Amino acid sequence: MRENAALNLEEGNYRYQVRELTWGKTGTSKFKPVDVLLGADIVYHETIALPLLKTAYKLCDENTKFYLAWEMHDVDAAQLFWKRVGDYFMVEQIDVHQLDDYYRSSEINVLCLTKILRVEVPVTDQPTDTIQQPHQ
């Protein structure tokens, strides 16, 4: 992972950390909110969708941009993800024409997710109607 991150950054003065994280299992209290969270091809099984959303929510603050690129592998996972993503994040679908020509594919979805500030983080597997704080 570290080698991949280094290869993808141009020379410059960047501060980044590469750390292993298991959705729903790795304690997030040792992580500070990040500026950018990148995920690629991580919505691949129904059992991963909700732990992914809960963990990402804890890693983000209201300024974090969570970019998620994924290709349809599991219809059930995608349906659960889409049913629940709005409980945690505002969703912006990135237009395929904004993507680099070399990597562009109609089969790959790219989203920009922004954390919804809440009084309480959803903890159940059921959609919630938690009161949202205004986004500033």
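Each remark here, short or long, concerns the structure printed above.
Only a predicted model underlies this, so the values are computations on that prediction, with no experimental measurement involved. (Residues numbered from 1 in each chain as written. Predicted model: local features only at pLDDT ≥ 70, side-chain atom pairs only at ≥ 80, totals over all residues. Heavy atoms only, no water.)

Here we take up unusual backbone geometry. With the exception of glycine, the majority of residues adopt a negative phi angle, and the majority of peptide bonds are in the trans configuration. A positive phi angle is found at D41, which is not glycine, with a value near 55°. With respect to the helices and strands, D41 occurs in the loop between β1 (36-40) and α2 (46-59). (Helix = DSSP H or I, 4+ residues; strand = E, 2+ residues; numbered from the N terminus.)

Attention shifts here to the nonpolar core. One finds V43, L52, F66, L68, F81, F89 and L113 to be the most contacted residues of the largest nonpolar core, which totals 25 residues. Mapped by element, the contributors of at least two residues to this core are α2, β2 (65-71), α3 (75-84) and β4 (108-115). Here V43 is in contact with L52, L68, W70, A77, A78 and F81, once residues within four sequence places are set aside. (Core = buried A, V, L, I, M, F, W, Y, C linked by side-chain atoms within 4.5 Å. Buried < 20%, exposed > 50% of the residue type's maximum accessible area, 1.4 Å probe, protein only. Contact = heavy atoms within 4.5 Å.)

What follows covers the pairing of β2. Taking every second residue as pointing to the same face, the buried face of β2 carries F66, L68 and W70, while none of K65, Y67, A69 and E71 on the other face is buried. Strand direction decides the pairing type here: β1 and β2, joined by five bridges, are parallel. Bridge assignment links L38 to a residue of β2, and that residue is Y67. Following the chain from β1 across α2 to the adjacent parallel β2, one finds a crossover that is right-handed. (Pairing = 2+ DSSP bridges. Right-handed = clockwise from strand over helix to strand, strands pointing away.)

The subject of this paragraph is a nonpolar patch on the surface. Nonpolar side chains collect at one region of the surface, where V36, L38 and Y67 lie side by side and expose about 300 Å² of accessible area between them. For L38, the location among the structural elements is in strand β1. (Patch = residues over 30% accessible without salt bridge, like charges linked within 9 Å, V, L, I, M, F, W, Y side chains within 5 Å. Areas by Shrake-Rupley, 256 points an atom, 1.4 Å probe, with all protein chains shown as cover. Salt bridge = Lys/Arg side-chain N within 4 Å of Asp/Glu carboxyl O.)

Our focus in this paragraph is α2. If you check α2, its first and last C-alpha atoms are 21 Å apart, about what 14 residues at 1.5 Å a residue would give, namely 20 Å. Within the span of α2, buried status applies to I48, A49, L50, L52, L53, T55, A56, Y57 and L59. Turning to α2, the residues buried within the fold contact β1, β2, α3, β3 (89-93) and β4. (Expected span 1.5 Å × (residues − 1).)

Volume-wise, the largest pocket comes out at about 2100 Å³. Q17, V36, L37, L38 and G39 are the residues nearest the centre of the largest pocket, which is lined by 39 residues in total. Those elements that place two or more of their residues in the lining of the largest pocket are α1 (2-8), β1, β2 and β4. Tallied by class, residues from the lining of the largest pocket come to 25 nonpolar, four polar and 10 charged. (1 Å grid on protein atoms, 1.4 Å probe; cavity = no way out; pocket = protein on both sides within 12 Å on 5 of 7 lines; lining within 4 Å. Points joined across faces, edges and corners; volume = space filled by probe spheres on them. Nonpolar A, V, L, I, M, F, W, Y, C, P; charged D, E, K, R; others polar.)

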